[in-house]
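Chain by chain, the residues run as shown.
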Amino acid sequence: MSNASRRTRTQKWGWGILIVVSAVLVLNGVGLYFLSASPTTFEQDTGVPIAEVRQAYPTVADQVVREGQNISILSAAFGVLTLLVALEGFRHGSRWAWNATWVLVGWLVVGGLQALVVGGRLDIGGFFLAFAAVALVGQLLARRGLGR
């Protein structure tokens, strides 16, 4: 009997949760790429309207937007990576995939705490910590009876 057919419904749910969390991270990164250039987002992040910054420091406003877009690209890339690992886990239930997805849980916790404590952003920190809790549930559900 193959490892995939020995997995329980609970394990499949756990891997499914990890797949969904990873896919949402990809979509979040793509969406934030476009939102980073928004004047409203700029003002929320900096506390100063983009027009004022452009007037005083023309290149700084563009640099802040580009940095936000770079972070969005990195977030989407991390989401793609974790999505591929979660798909491997769903298909084969491999132990290395399960171990690797702990990085996702840790990254979400650290990102959430950083946004809350350092950045004072309840919205972003709450998003990351909520997703960390969901990913942790998926992680624990996927654990049982892992193969090699």
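Small disclaimer: the values here were computed from a predicted structure and weren't measured.

Draft legend 1. Quick look at the environment of Val48. Relative to the assigned elements, Val48 resides in the loop between α3 (39–46) and α4 (50–56). Val48 gets classed as partly exposed once you look at its relative accessible area, which sits at 30%. Setting aside its immediate chain neighbours within four residues, Val48 contacts Phe42, Glu43 and Val53.

Draft legend 2. Representation of the environment of Glu43 within the structure. Here Glu43 lies in helix α3. Residue classification places Glu43 among the partly exposed residues on the basis of a relative accessible area of 39%. Placed ten residues apart in sequence, Glu43 and Val53 show a C-alpha to C-alpha distance of 9.9 Å. Once residues lying within four places of it in the same chain are set aside, the contact partners of Glu43 are Val48 and Pro49.

Draft legend 3. Representation of the pattern of salt bridges in the model. Tallied over the entire structure, the rule returns three salt bridges. A salt bridge links Arg121 to Asp45; the shortest N-O distance between them is 3.0 Å. Of this pair, Arg121 sits in the loop between α6 (95–118) and α7 (122–143) while Asp45 is found in helix α3, placing the two residues 76 residues apart along the sequence. With relative accessibility at 21%, the residue Arg121 sits in the partly exposed group. Where Asp62 meets Arg54, a salt bridge forms, and the shortest distance between an N and an O atom there is 2.9 Å. Classification of Asp62 by relative accessible area gives partly exposed; the value is 30%. Judged by relative accessible area, Arg54 falls into the partly exposed class, the value being 38%. Each member of the salt-bridge network shares a partner with another, and the members are Asp45, Arg121 and Asp123.

Conventions adopted
- Residues numbered from 1 in each chain as written.
- Predicted model: local features only at pLDDT ≥ 70, side-chain atom pairs only at ≥ 80, totals over all residues.
- Heavy atoms only, no water.
- Helix = DSSP H or I, 4+ residues; strand = E, 2+ residues; numbered from the N terminus.
- Buried < 20%, exposed > 50% of the residue type's maximum accessible area, 1.4 Å probe, protein only.
- Contact = heavy atoms within 4.5 Å.
- Salt bridge = Lys/Arg side-chain N within 4 Å of Asp/Glu carboxyl O.

Shape descriptors only; they carry no functional weight alone.
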